[in-house]
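Architecture at a glance
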Amino acid sequence: MRGRDRVLVMGILNVTPDSFYDGGRTEATETAIERGLRMVAEGADIVDVGGESTRPGACSVPLDIEIERVVPVIAGIRERSDVPLSVDTTKSVVAEEALAAGAAIVNDTSALRSDERMAATVAATDAYVVLMHMQGTPATMQENPTYEDAVEEVRAFLDERIRVAVAAGIGKHRVLVDPGFGFGKRLCHNLALLRGLRRIADLGPPVVVGLSRKSFLGKILDLPPDERLEGTIAANAVAVANGASVLRVHDVKEGRRTADVAFHLRPDAA
C-alpha cells in the first residue's frame, strides 16, 4: 500500500472517551461514521478506527467494549464509502470482527506481540498490517524510555518484526511499518527518529508516521494539543521529505495539503 505519485493520508477516528486529543468527540456511532465520511471528503486515503486509547498511561479495555465501539463504525462507513478502512487494535478477535465488517488493514501498535493469534489472523486474509515500535506498553511507555541509538534500535526492531510477519504467512507487500513517535520515546528520541527516518524507509515497507499533535511537539511549542496544528504540519513535511509513505493525522484537510506539497519537494518526486 504505497502511493505511486503521492503520500497517503490516514485519518484518525478514535471512538473512545479518553484519547489525548479527540477523546469523547466521536463516541456515538453515527457521529463517528459522519466524521469518517467527512475525512474522506477532505482527502483521506484511509480511515483508521480505534476503540482503545494508546495515550501514555492508558489501560486496556474489555474485548466486548472495543468490538462494540469499532465494528459498527467500520460497517457504517463501509456501507457508504469504499475508502480503505483500518482497525487500530492489538486484539485478534477485534481484528477478525473488523475485517469481516469491511476493514482492510490491521494497525497493531504491538507489532504482533500482544496477541499470539494476531499474525495468523492477518495471514488468513488479504489484509495489510502496520507494525509499530513501542518501548513498553501504553501504561508504562513514558516512565523511563532509554536508547543507546534510537534510530538503529527502532530499525532493528522493525526489521525483526517484518521477518516474523513474513514467516507467519503475511506477504511482505502487505506489511507497513511505524517507528512509533511518542510511544516510549523522549523528545530527543522523537527528533532523532524524524531526522533519521530514511533509515527506517530503507527497510522496504511503506513507513507510516503518526506525529499529529503529539506531546513532543507540545514540549517544543509549550502548547496544549489543540494548539499544535502548525507544529504537526512542519513535522509531517519533514517526515515526507525523509521518506514517509503514509501520514496518520487528526486534521485531514491540512494533512492532505501538507503531504501533496512536501511530496513534490522530494528529490525523488520528479
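Up top is the structure.
Note that this is a predicted model, so its numbers are computed, not measured.

In terms of helices and strands, the protein chain carries ten helices and eight strands. Expressed as a percentage of its 270 residues, the buried residues of the protein chain come to 56%. Considering only intrachain contacts with a sequence separation of at least 6, the fraction spanning at least 24 residues in the protein chain is 69%. Approximately 11,300 Å² of the protein chain is accessible, and the part contributed by carbon and sulfur atoms is 51%.

Moving on, we come to helix α1 (residues 29-42). For α1, spanning 14 residues, the distance from its first C-alpha to its last is 20 Å, which sits close to the expected 20 Å at 1.5 Å a residue. A32, I33, R35, G36, L37 and M39 are the residues of α1 that are buried. Buried-residue contacts for α1 involve β1 (8-14), β2 (46-50), α2 (63-80) and α10 (252-264). The positive-phi residue at the C-terminal boundary of α1 is G43, with phi of around 115 degrees.

The terminal C-alpha atoms of α10 lie 18 Å apart, and with 13 residues this matches the ideal 18 Å at 1.5 Å per residue to within 8%. Regarding α10, the residues found buried are V252, G255, R256, T258, A259, A262 and F263. For α10, the buried positions fall inside an angular range of 165 degrees around the axis, keeping them on one side. In α10, the exposed positions that point more than 90 degrees away from the buried face belong to R257, V261 and H264. Elements in contact with the buried residues of α10: β1, α1, α9 (229-241) and β8 (246-249).

This part is about the packing of α1 against α2. When two helices pack together, you describe them by how their axes are tilted relative to each other and by the distance separating the axes. Two elements in contact, α1 and α2, have axes whose closest approach is 9 Å; the angle formed by their N-to-C orientations is 45 degrees. As judged from the angle between their axes, α1 and α2 are oblique. Note on packing geometry: the crossing formed by α1 with α2 is right-handed. Touching T29, E30, A32, I33, E34, G36 and L37 of α1 are P72, V73, G76, I77 and R80, all from α2. Its residues assigned to classes, the contact of α1 with α2 comprises six nonpolar, three polar and three charged.

The subject of this paragraph is the packing of aromatic side chains. Going through the model one piece at a time under the given rule, you end up with one aromatic pair. Ring geometry for F181 and F216: centres 6.4 Å apart, planes at 25 degrees, overall stacked. One end of the pair, F181, is in the loop between β6 (175-178) and α6 (187-195); the other, F216, is in helix α8 (residues 215-221), with 35 residues separating them in the sequence. For F181, a relative accessible area of 1% puts it in the buried group.

Calculation notes
- Residues numbered from 1 in each chain as written.
- Predicted model: local features only at pLDDT ≥ 70, side-chain atom pairs only at ≥ 80, totals over all residues.
- Heavy atoms only, no water.
- Helix = DSSP H or I, 4+ residues; strand = E, 2+ residues; numbered from the N terminus.
- Buried < 20%, exposed > 50% of the residue type's maximum accessible area, 1.4 Å probe, protein only.
- Contact = heavy atoms within 4.5 Å.
- Areas by Shrake-Rupley, 256 points an atom, 1.4 Å probe, with all protein chains shown as cover.
- Expected span 1.5 Å × (residues − 1).
- Arc of directions from axis to C-beta.
- Axes fitted to C-alpha atoms, helices over the stretch in contact; angles between N-to-C directions.
- Parallel < 35°, antiparallel > 145°, perpendicular 65-115°, else oblique.
- Left-handed = near helix turned anticlockwise from the far one by under 90°.
- Nonpolar A, V, L, I, M, F, W, Y, C, P; charged D, E, K, R; others polar.
- Phe/Tyr/Trp six-rings, centres within 6.5 Å; stacked < 30°, edge-to-face > 60°.

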